[in-house]
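Residues per chain are reported as follows:
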Amino acid sequence: MSMIGIIDLVLVVVECGLALLVGYLLFLTGAALCAPHRTPLGTHAPIHRFAILIPAHNEEQLLPGLLGNLQRLDYPQALYAIHVVADNCTDHTAELARQAQVTVHERTDSTRIGKGYALEWLIERLWAQDQPFDAFLILDADSIVSENFLAVMDARLAGGAQAIQAYYAVRDPAGSWNASLRAVALAALHYLRPLGRSVLGCSAGLKGNGMVFSAGMIKQYRWSAALTEDIEYHMALVLGGHRVAFAPDAIVWAEMPSSLAASQTQQVRWERGRQEMLRQYVPRLLRAAVARRSFRLLDAAIEQIIPPFSLLAALSLVCLALGLIIQSRSAVGIALGLLVAQAIYIFAGLLLARAPRRVYQALLYAPLFIAWKAWLYLRVSLGFDRKGWTRTARNDT
């Protein structure tokens, strides 16, 4: 076989692998199109008491906005209490939280640093105080939530859900092209995929923000202090036979960095954590899926195997370019099919999430973002950028 023939064969094999991953995304897209988008609230009075947990490290700029937002929820204030853990703060975070008349827990630990440790410490502290809560809501300090948030979660808990993920979206998608592209990604990753999984009886996954757990669930499964504590907690739940429900009409909006440079630490942390979870949990999920004949476990494993969408797009473009260079009709045809399928997936996510027009316009910058994300992913995979937990840079700070 000639060198061109070998390259052509390798290209087609790689493209077939990509086609399996992209095909699964289309499968979830089709399921999402059939899913309900609203939670039936019923006519019953609210009954669940919520503890709202907010880990905050030097969040004096954004925390007051969230605390004010939580005072305006369409839910009886007697049924929820706000607990802020001021974690290793050197600014006025604790003082501002006290001024908002919420409960403040100050934590100082120079070795156990990060959101996971702060939440683990706070949850243990609340259990020790024997606080009478039915459910726990975890929010990032740079967020705000929809007014119906607790009402929707109350209805979901009343319906039997033990773990619920809200739709985690971008707070100001029109603020910059980088934020707009993040909105594109989250419309697919945080809305379309969980929506599709809800139809298929699978677990929606945990996204780190806007998560609700029953008190019984939190007691049974101790919170993790891992780099990506939400993913590890989700792995423990699905391996334990549980599923996370998705509430698409309960929305948490969080600030996203306005530039690629500002978002690098966040992206590196996410990719490092995701790769660690892939190595640690995918073999266990696959073995358990076979032993229990569980599609839910298989789906959880596939979700970890699927690389970031930017990498899928970059690999498809590389395959297209190489196919054109060697003049392989099969390679070019498959690559074009992959790109069309990915476009369907992305636009379906935007339509389902009702993204604003500015988000669509930001797709013009997608090639730059794809190249940057592919380079970052490569660096993480090769062992670079292995710093510990680092706070994401805030805009205008």
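Anything mentioned here points back to the structure above.
What you see is a predicted model, and the numbers here were worked out from it, not measured in a lab.

(A) View of the pairing of strand β2 (residues 80-87). With 7 of 8 residues buried, β2 lies mostly within the body of the structure. With 7 bridges connecting them, strand β1 (residues 50-56) and β2 associate as parallel partners. From the neighbouring strand, Pro55 faces β2, where its bridge partner is Val85. Following the chain from β1 across helix α2 (residues 63-70) to the adjacent parallel β2, one finds a crossover that is right-handed. Across 5 bridges, the pairing between β2 and strand β3 (residues 103-107) is parallel. Note that in β3 the partner of Val84 across the bridge is Val104. In this region the chain leaves β2, passes through helix α3 (residues 93-99) and returns to the parallel neighbour β3; the handedness of that crossover is right-handed.

(B) Spotlight on the side chain of Ser214. Looking at the element boundaries, Ser214 is found in strand β7 (residues 211-214). Within the structure, the side chain of Ser214 is placed 2.7 Å from the side chain of Gln162, a separation counted as a polar contact. In this view, Ser214 contacts Asp134, Ala135, Leu157 and Gln162; residues no more than four positions away in its chain are not counted.

(C) Highlighting unusual backbone geometry. Here the phi dihedral of Asn58 falls at roughly 50°; this positive angle occurs in a residue that is not glycine. Assignment of secondary structure puts Asn58 in the loop between β1 and α2. For Gln327, which is not glycine, the phi dihedral falls at a positive 60°. With respect to the element layout, Gln327 can be found in the loop between α11 (309-326) and α12 (329-352).

What counts and how
- Counting restarts for each chain: residues are numbered from 1 in the order of the written sequence.
- Side-chain atom pairs in this predicted model are given and counted only at pLDDT of 80 or more, local residue features only at pLDDT of at least 70, and totals for whole chains, interfaces and linings cover all residues.
- Only hydrogens and water are set aside; all other atoms, that is, all heavy atoms of the structure, feed into the side-chain values.
- Remark: exposure states derive from per-residue accessible area (1.4 Å probe, protein chains only) relative to the maximum for the residue type, with buried under 20%, exposed over 50%, and partly exposed in between.
- Secondary structure elements are defined from DSSP: runs of H or I of at least 4 residues count as helices, runs of E of at least 2 residues count as strands, and each element is numbered from the N terminus.
- Paired strands, in this sense, are two strands between which DSSP finds at least two bridges.
- Note on handedness: a crossover is taken as right-handed if, strands pointing away from the viewer, the path from the first strand over the helix to the second is clockwise.
- Pairing of N or O atoms within 3.5 Å defines a polar contact, subject to two protein rules: one partner must be a possible hydrogen donor and the other a possible acceptor, and residues neighboring in sequence count only if both atoms are side-chain atoms.
- Contacts are residue-level and defined by heavy atoms, with any inter-residue pair within 4.5 Å sufficient.

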